[in-house]
Amino acid sequence: MTQRAYLVVLLLCLGLMCPLVTGIFMDKLASKKLCADDNCVYTISLARAEEDYNAPDCRFINIKKGQLIYVYSKLVKEKDSGEFWAGSVYGEQYEDHMGTVGYFPSSLVSEQHVYQEANKTVPTTDIDFFCE
């Protein structure tokens, strides 16, 4: 085989082993967010869902009444927009959803414990609203 044929076979094999990540960038919900640190990786608080919430699209997470949620950032409310927080569900009965971070309306939860103050204002990026 020629070098070109080897290269084609190699690229085909790599393509089969490493499929491309596909997704879509959704509209931004806000241009700024409040976090406990510059990278928004530290938990701000633990909240409890007061009502069920069904996610309207992939930027959001489903929450059930009574469920605990780790809060990582709070979007800065802009005119004509809702107030959303970003977090992930917690609890053994929700094990299949643990680690999934998404947005939810702050009005549907009550903070149970504040770990750190959300005193860092950070600009949101397109990846904050990326859906796979």
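Rules behind the numbers
Residues numbered from 1 in each chain as written. Predicted model: local features only at pLDDT ≥ 70, side-chain atom pairs only at ≥ 80, totals over all residues. Heavy atoms only, no water. Core = buried A, V, L, I, M, F, W, Y, C linked by side-chain atoms within 4.5 Å. Buried < 20%, exposed > 50% of the residue type's maximum accessible area, 1.4 Å probe, protein only. Helix = DSSP H or I, 4+ residues; strand = E, 2+ residues; numbered from the N terminus. Salt bridge = Lys/Arg side-chain N within 4 Å of Asp/Glu carboxyl O. Contact = heavy atoms within 4.5 Å.

Engineer: Is there a simple way to think about the nonpolar core in this case?
Structural biologist: In terms of nonpolar packing, the biggest core is built from 20 residues, with Ile63, Tyr103 and Phe104 touching the most fellow members. Within the residue set of this core, elements represented by two or more residues are β3 (45–49), β4 (68–75), β5 (84–90) and β6 (101–105). Of the residues forming this core, the biggest block, 4 residues, is contributed by β5.

Engineer: Even after reading the chapter, I still don't get the pattern of salt bridges, so can you show me in this structure?
Structural biologist: Any two side chains of opposite charge can pair, on the condition that their charged atoms come close. Following the criterion strictly, the structure yields 3 salt bridges and no others. With its nearest N and O atoms 3.0 Å apart, the salt bridge here joins Lys33 to Asp128. Highlighted residues: Lys33 in strand β2 (residues 32–35) and Asp128 in the loop between β8 (120–123) and β9 (130–131), separated in sequence by 95 residues. Classification of Lys33 by relative accessible area gives buried; the value is 9%.

Engineer: Help me understand the environment of Tyr115 in this model?
Structural biologist: With respect to the helices and strands, Tyr115 occurs in the loop between β7 (109–114) and β8. By relative accessible area, which is 42% here, Tyr115 ends up partly exposed. It is 9.8 Å that separates the C-alpha atoms of Tyr115 and Val71, two residues lying 44 residues apart in sequence. The residues contacting Tyr115, other than those within four sequence positions of it, are Thr43, Ile44, Ser45, Leu46 and Tyr70.

So, to be careful, I would describe these as geometric facts and stop short of saying anything about function.
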